[in-house]
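Listed here are the chains, written in short residue letters.
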Amino acid sequence: MKNVAVIGSGTMGSGIAHTFAQHGYEVLLIDTNSQALERALKNIASNMDRQISKGSLTADEKNAALQRIKTSTLLTDITEETGLVIEAATENKDIKLNIFKQLDHICSSDIILASNTSSISITEIAAITQNAQRVVGMHFMNPVPLMKLVEVIRGKGTSDCVTTKVMDIARALEKVPVEVNDAPGFVANRILMPMINEAIYTLAEGVSGVTEIDLVMKLGMSHPMGPLQLADFIGLDVCLAIMNVLYDGFNAAKYAPCPLLVDMVAAGNMGIKSGLGFYDYSEKSKELRVSARFL
């Protein structure tokens, strides 16, 4: 299996394409927006340049990897040679269900269909298809080229064969796959997102400030990044979407998104991607600057 297709050219999709191409796979990167595809290729090249500067990649390896990535705006360009399709679209259930419904008609029955969803039920996604056995979760961590973990999520119908193949593919990418069963948020985000949400509640209730909360978690819990900075890095809209999945899935008050998080997303303050979140990213600086609203 040396041909894969990746749907979605955002941060996660481009990172997944980067990683597969670097490890010798032929990649078809698909997005409805041709300009987004152009940006993705530039970002991949830039990230590979960072690897070159750190000595983990050579210029020849970069050029070879980039030549393995082809782009398209059409799902119908997925060929019979493709062994694996990974959906990495935005964390929106309706969008994902629509994509999988199309893939089920386009892709031959022996092509594995995987979702990079960070919280949405694989069982529910698989139910939109005619063959739930071939549908699986393949949840990469951001930044994909650097992070070792891949959550391999088994839906209720996912076959043992498909699970084993995806675990083997993850290892071929020099990742560490962890098999988990389908549940809201899986393992990573079921634990991580409530912690981030509680950090936002702690800020909203005036217990402490942005930098102070992050400092406590970095120095006291040995986290490489504080929860509020991490939320900005992930995207506050993504954090909110995952909290909503947890809240709806478990019907428990402890998963209710903090109103401050809801308000920030409504105001368009998404974190790094928008230039403003708990920190201000409008001017590039080596030092993080707390957003003016929290000073």
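Under an unreviewed UniProt entry, the chain has the name 3-hydroxybutyryl-CoA dehydrogenase and belongs to Mucilaginibacter auburnensis. Reading the Sequence similarities (unreviewed entry) entry of the UniProt record for the chain gives the comment "Belongs to the 3-hydroxyacyl-CoA dehydrogenase family."

Enquirer: Please provide a residue-by-residue account of the sheet that holds strand β8 (residues 176-181), values included.
Expert: Across the sheet, which stays open at both edges, the 8 strands sit in the order β3-β2-β1-β4-β5-β6-β7-β8 with mixed pairing between neighbours. Strands with a single pairing partner mark the edges of an open sheet, and in this sheet they are β3 (69-72) and β8. Between one strand axis and the next, the sheet turns through 25 degrees on average, direction left out of account. Docked against the sheet, helix α2 (residues 34-53) engages β2 (26-30) and β3, running at close to 165 degrees with respect to β3. Along the sheet, helix α4 (residues 93-106) makes contact with β1 (3-7), β4 (84-87), β5 (112-115) and β6 (135-140), crossing β5 at roughly 170 degrees.

Enquirer: A description of the domain arrangement of the chain should follow, citing residues and the corresponding values.
Expert: The domain boundaries assigned to the chain delineate domain 1 (3-181) and domain 2 (187-290). On a C-alpha basis, the centroid separation for the pair domain 1 and domain 2 is 26 Å. In this assembly, 10 residues from domain 1 lie in contact with 7 residues from domain 2. Of the roughly 630 Å² buried where domain 1 meets domain 2, counting both sides, 64% is carbon and sulfur surface. Linking domain 1 with domain 2 are 0 salt bridges. Scanning the region where domain 1 abuts domain 2 turns up 3 residue pairs in polar contact (both at pLDDT 80 or more). Within the side of domain 1 that touches domain 2, the residues separate by chemical class into 4 nonpolar, 4 polar and 2 charged.

Enquirer: Could you give an account of the layout of surface pockets, naming the residues involved and the relevant values?
Expert: Taken as a whole, the second largest pocket holds about 200 Å³ of empty space. Grouping the constituent residues of the lining of the second largest pocket by class yields 4 nonpolar, 3 polar and 4 charged.

Enquirer: Tell me what's going on with the UniProt feature "binding site: NAD(+)" (unreviewed entry) in the chain, and back it up with residues and numbers.
Expert: The UniProt feature table records "binding site: NAD(+)" (unreviewed entry) at G8, S9, G10, T11, M12, G13, D31, E91, K96, S118, N142 and K273. Turning to its location among the elements, S9 is positioned in the loop between β1 and α1 (11-22). For S9, the residues in contact, after removing those within four places along its chain, are S14, L29, I30, D31, A36, L37 and A40. There is a polar contact of 2.8 Å between the side chain of S9 and the side chain of D31. Its place among the elements puts T11 in helix α1. Look at T11 and you get exposed, because its relative accessible area is 55%.

Enquirer: Now, about the side chain of H139: what can you tell me, with residues and values included?
Expert: Within the fold, H139 resides in strand β6. Looking at H139, its side chain comes within polar contact range of the side chain of E151, at 2.8 Å. Residues in contact with H139, not counting those within four places in the same chain, are S115, N116, T117, S118, L149, V150, E151, I153 and N189.

Enquirer: Which residues make up the packing of aromatic side chains, and what values do they have?
Expert: Going through the model one piece at a time under the given rule, you end up with 4 aromatic pairs. Relative to Y25, the ring of F20 has its centre 5.0 Å away and its plane inclined at 85 degrees; by these criteria the two rings are edge-to-face. Taking the relative accessible area as the measure of exposure, Y25 reaches 4% and is therefore buried. Here F20 and F140 contribute two aromatic rings whose centre-to-centre distance is 6.5 Å and whose plane-to-plane angle is 65 degrees, an arrangement assigned as edge-to-face. Linking F20 in helix α1 with F140 in strand β6, this pair joins segments that are 120 residues apart in sequence. Using a relative accessible area of 0% as the deciding quantity, one classes F20 as buried. Classification of F140 as buried rests on a relative accessible area of 2%. Members of the aromatic cluster, each reached through a chain of ring pairs, are F20, Y25 and F140. Over the ring of Y25 we find K2, and its NZ or CZ is 4.2 Å from the ring centre.

Each value, and the rule that gives it
Residues take numbers from 1 onward in each chain, read along the sequence in its written order. Totals for whole chains, interfaces and linings use all residues, but because this is a predicted model, local features are given only for residues with pLDDT of at least 70 and pairs of side-chain atoms are given and counted only at 80 or more. The side-chain quantities take in all heavy atoms of the structure and omit both hydrogens and water. UniProt positions are given in the numbering used here, feature names are shortened, and annotations may be inferred rather than shown by experiment. Being paired, for any two strands, means DSSP has found at least two bridges between them. Working definition: helices are DSSP H or I runs of at least four residues, strands are E runs of at least two. Numbering for both runs from the N terminus. What counts as an axis is a line fitted to C-alpha atoms, over the stretch in contact for a helix, and the angles between N-to-C directions run from 0 to 180 degrees. Contact criterion: two residues are considered in contact whenever any of their non-hydrogen atoms come within 4.5 Å of each other. An automatic or database domain assignment supplies the residue ranges for each domain. Here the buried area means the combined drop in accessible surface, using a 1.4 Å probe, for two parts upon being joined, counting both sides. By convention in these notes, a salt bridge is any Lys or Arg side-chain nitrogen within 4 Å of a carboxyl oxygen on Asp or Glu. Polar contacts, as counted here, are pairs of nitrogen or oxygen atoms within 3.5 Å of one another; within protein the pair requires one atom able to donate a hydrogen and one able to accept it, and residues that are adjacent in sequence qualify only if both atoms are side-chain atoms. Polarity classes work like this: nonpolar for Ala, Val, Leu, Ile, Met, Phe, Trp, Tyr, Cys and Pro, charged for Asp, Glu, Lys and Arg, and polar for all others, with Gly in that last group. Only protein atoms enter the 1 Å grid used here. Points where a 1.4 Å probe fits but cannot escape make up a cavity, open sets with protein on both sides within 12 Å along at least five of seven lines make up a pocket, and a residue lines them when an atom lies within 4 Å of a point. Grid points are joined across faces, edges and corners, and a volume is the space filled by probe spheres set on the points. Accessible area is worked out with a 1.4 Å probe on protein chains only. A residue is then buried under 20% of its type maximum, exposed over 50%, and partly exposed in between. Any Phe, Tyr or Trp ring, taking Trp's six-membered ring, that has another such ring centre within 6.5 Å forms a pair; planes under 30 degrees apart are called stacked, those over 60 apart edge-to-face, and the others tilted. Charge-over-ring contacts are defined here by two conditions on Lys NZ or Arg CZ: a distance within 6 Å of the ring centre and an angle within 35 degrees of the ring normal.

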